[in-house]
Amino acid sequence: MKSSPARKLAMFAVVALIVAVGALLLGARSGNALLVVSGTVILLALAVMGAAIFFKTRKG
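Let me sum up the structure you'll find in this document. Note that the structure is predicted; figures quoted are calculated from it, not measured. (Residues numbered from 1 in each chain as written. Predicted model: local features only at pLDDT ≥ 70, side-chain atom pairs only at ≥ 80, totals over all residues. Heavy atoms only, no water.)

1. Concerning the overall build of the protein chain
Per the secondary structure count, the protein chain includes two helices and zero strands. Relative to the globule expectation of 10 Å for 60 residues, the C-alpha radius of gyration of the protein chain, 14 Å, shows a markedly less compact shape. Seen through its C-alpha atoms, the protein chain measures out along the principal axes to roughly 45 × 35 × 10 Å. Counting across all 60 residues of the protein chain, residues that qualify as buried make up 10%. For the protein chain, the computed accessible surface area is about 4,900 Å², with 75% contributed by carbon and sulfur atoms. (Helix = DSSP H or I, 4+ residues; strand = E, 2+ residues; numbered from the N terminus. Rg over C-alpha atoms; globule rule 2.2 N^0.38 Å. Buried < 20%, exposed > 50% of the residue type's maximum accessible area, 1.4 Å probe, protein only. Areas by Shrake-Rupley, 256 points an atom, 1.4 Å probe, with all protein chains shown as cover.)

2. With respect to the packing of helix H1 (residues 5-30) against helix H2 (residues 33-57)
One can describe the packing of H1 onto H2 by two numbers: an axis separation of 7 Å at closest approach and a directional angle of 155°. The orientation of H1 relative to H2 falls into the category roughly antiparallel. Crossing angle aside, the handedness with which H1 passes H2 is left-handed. Residues Leu-9, Phe-12, Ala-13, Ala-16, Leu-17, Val-19, Ala-20, Ala-23, Leu-24, Leu-26, Gly-27 and Ala-28 of H1 form the contact with H2, whose own contacting residues are Leu-35, Val-36, Ser-38, Gly-39, Thr-40, Ile-42, Leu-43, Leu-46, Met-49 and Ile-53. When its residues are assigned to classes, the contact of H1 with H2 shows 18 nonpolar, four polar and no charged. (Axes fitted to C-alpha atoms, helices over the stretch in contact; angles between N-to-C directions. Parallel < 35°, antiparallel > 145°, perpendicular 65-115°, else oblique. Left-handed = near helix turned anticlockwise from the far one by under 90°. Contact = heavy atoms within 4.5 Å. Nonpolar A, V, L, I, M, F, W, Y, C, P; charged D, E, K, R; others polar.)

Written out as structure tokens, the structure is:
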């Protein structure tokens, strides 16, 4: 069963979101600023990617 590129991208985004939230929580709990920054950067990258996909696929 082949999955479509959109499905692969969605699965990648979900995994990246889980990693980002995990890094943020772990960094905040342990006081590690590097984990907090990396989690924030991953979340920002996902937001930019989502916005780009939204505006690219929007009709009008």
